[in-house]
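Per-entry structural report
Here is what each chain is made of, one letter per residue.
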Amino acid sequence: RYGNVSSMPLQPTWFPFITTVSSDELLVFSLRLMTEDWTTPRSSLVFNLGDVFYVEASLESKNHLPFLLFIDFCVATSSADITSTPRYEVIAHNGCLMDGTQDDSSSAFKASRPQAHKLQFMVDTFWFLDSQASTIYITCSLRAAPDTQTPDPMNKACSYNKTSSR
């Protein structure tokens with residue numbers, strides 16, 4: 001056999017640990033109560049009947065490809081346990097804002113996304129008739145999809161249109 005032999009030492013390429021960690025970065029989902037103008041998180045967690053919750057769901061991903069954020073469901077309960085009763089489905093069916101179907105509700109997603117990785121929606125305040133608790137817990141399932149994802153039955157953010165009943 002013929003081969004090429006060199007006396008030059010082999011220099012391994014080392015990647016710093018921080019590079020490895022940042023490439024494996026987890027996605028950071030958040031849900032915040034916002035002020036009416038959507039500019040800052042709301043400082044008070046106290047609401048009165050007749051007020052509106054301004055909710056912003058967001059996704060941070062520094063070292064990943066761009067994503068679209070979707071909300072599969074949101075459930076309101078009077079305790080931190082998502083399976084507890086009473087419970088009220090605010091968002092269901094992979095992204096439909098169910099609260100907007102109520103006659104006296106103005107709940108809806110904001111007409112346009114501020115950014116692909118954010119969704120904003122408004123929900124009228126409510127309370128559970130059968131509960132003595134004054135606190136309401138809202139638990140949501142947030143999901144990231146490629147930014148090329150087009151709306152379909154599994155990937156949507158839909159509000160109820162009362163004029164067309166759809």
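Notes on the structure follow. (Residues numbered from 1 in each chain as written. Predicted model: local features only at pLDDT ≥ 70, side-chain atom pairs only at ≥ 80, totals over all residues. Heavy atoms only, no water.)

1. Focus on the sheet that holds strand 6 (residues 108–109)
The cut-off we apply is this: Pairs of strands are assigned from DSSP output, requiring at least two bridges between the strands. Strands here mean DSSP runs of E at least two residues long; helices mean DSSP runs of H or I at least four residues long; both are numbered from the N terminus.
With respect to topology, four strands assemble into an open sheet ordered 1-2-7-6, the strand pairing being antiparallel. The open sheet is flanked by strand 1 (28–34) and strand 6, the only strands paired with a single partner. Direction of pairing for strand 1 relative to strand 2 (residues 52–60): antiparallel, over a ladder of seven bridges. For Leu 31, the partnering residue across the bridge sits in strand 2 and is Ala 57.

2. A few points about the packing of aromatic side chains
What describes a pair of aromatic rings is the distance from one ring centre to the other and the angle between the planes of the rings. To keep things clear, this is the line we draw: Each aromatic pair joins two rings of Phe, Tyr and Trp (for Trp, the six-membered one) with centres within 6.5 Å, and gets the label stacked for planes under 30 degrees apart, edge-to-face for over 60, and tilted for any other angle. Using a 1.4 Å probe on the protein chains alone, a residue whose accessible area is under 20% of its type maximum counts as buried, one over 50% counts as exposed, and one in between counts as partly exposed.
Scanning all chains against the criterion turns up five aromatic pairs. On the basis of an interplanar angle of 80° and a centroid distance of 5.8 Å, the ring pair of Phe 126 and Phe 128 is categorised as edge-to-face. Owing to a relative accessible area of 18%, Phe 126 belongs among the buried residues under this scheme. Residue class for Phe 128 comes out buried when judged on its relative accessible area of 9%.

3. Concerning the sheet that holds strand 4 (residues 87–92)
In sheet architecture, strand pairing relies on hydrogen bonds along the backbone and comes in two forms, parallel and antiparallel. Taken in spatial order, the four strands line up as 5-4-3-8 in an open sheet, and their pairing is antiparallel. Both outer strands of the open sheet, strand 5 (96–97) and strand 8 (137–146), are each paired with one neighbouring strand and no more. Relative to strand 4, strand 3 (residues 67–77) is paired through four bridges, and the arrangement is antiparallel. Directly across from Cys 74, in strand 4, lies its bridge partner Ile 91.

4. Observations regarding the nonpolar core
Heads up, the condition is: For this analysis, a nonpolar core means a set of buried residues of the types Ala, Val, Leu, Ile, Met, Phe, Trp, Tyr and Cys, connected via side-chain atoms within 4.5 Å. We call two residues in contact when some of their heavy atoms are within 4.5 Å.
Of all hydrophobic cores here, the largest spans 21 residues; its most connected members are Ile 71, Ile 91 and Phe 121. Elements represented by at least two residues in this core include exactly strand 2, strand 3, strand 4, strand 7 (118–124) and strand 8. If you tally residues by element for this core, the top one is strand 3, at five residues. Residues within four places of Phe 121 in sequence aside, it is in contact with Trp 38, Phe 53, Tyr 54, Val 55, Ile 71, Cys 74, Ile 91, Leu 97, Ala 108, Phe 109 and Lys 110.

5. A short note on a nonpolar patch on the surface
Threshold: Patch membership requires more than 30% relative accessible area and the absence of a salt bridge. Residues of like charge join within 9 Å; the nonpolar side chains Val, Leu, Ile, Met, Phe, Trp and Tyr join within 5 Å. Reported accessibility uses the Shrake-Rupley method at a 1.4 Å probe radius. Residues are deemed covered only where the shown protein chains occlude them. One speaks of a salt bridge when a side-chain nitrogen belonging to Lys or Arg is within 4 Å of a carboxyl oxygen belonging to Asp or Glu.
Residues Leu 49, Trp 127 and Leu 129 make up a contiguous nonpolar surface patch of roughly 400 Å² in combined accessible area. For Leu 129, a relative accessible area of 71% corresponds to the exposed category.

6. Description of the state of the cysteines
So the rule is basically this: The disulfide criterion is simple: two cysteine sulfur atoms within 2.5 Å.
For the coordinates displayed, the defined rule picks out two disulfides. Residue Cys 74 pairs covalently with Cys 140 via a disulfide, S to S 1.9 Å. Between Cys 74 and Cys 140 the disulfide shows an S-S torsion of about 110°. By sign, it is right-handed. Taken as a pair, Cys 74 in strand 3 and Cys 140 in strand 8 lie far apart in primary sequence, 66 residues in all.

7. Some words on the side chain of Asn 155
Using the following cut-off: In protein, a polar contact requires one atom able to donate a hydrogen and another able to accept it; more generally it is a pair of N or O atoms within 3.5 Å, and residues adjacent in sequence count only if both atoms are side-chain atoms.
The topology assignment puts Asn 155 in the segment after strand 8. Owing to a relative accessible area of 8%, Asn 155 belongs among the buried residues under this scheme. Within polar-contact distance, the side chain of Asn 155 engages the side chain of Arg 143 at 2.7 Å. Ignoring sequence-local partners within four residues, the contact set of Asn 155 consists of Phe 70, Arg 143, Ala 145, Gln 149 and Thr 150.

8. Side note on the environment of Gly 100
Assignment of secondary structure puts Gly 100 in the loop between strand 5 and strand 6. The exposure class assigned to Gly 100 is buried, which follows from its relative accessible area of 2%. Sequence-distant contacts of Gly 100, defined by excluding residues within four places in its chain, comprise Ser 105, Ser 107, Tyr 160 and Lys 162.

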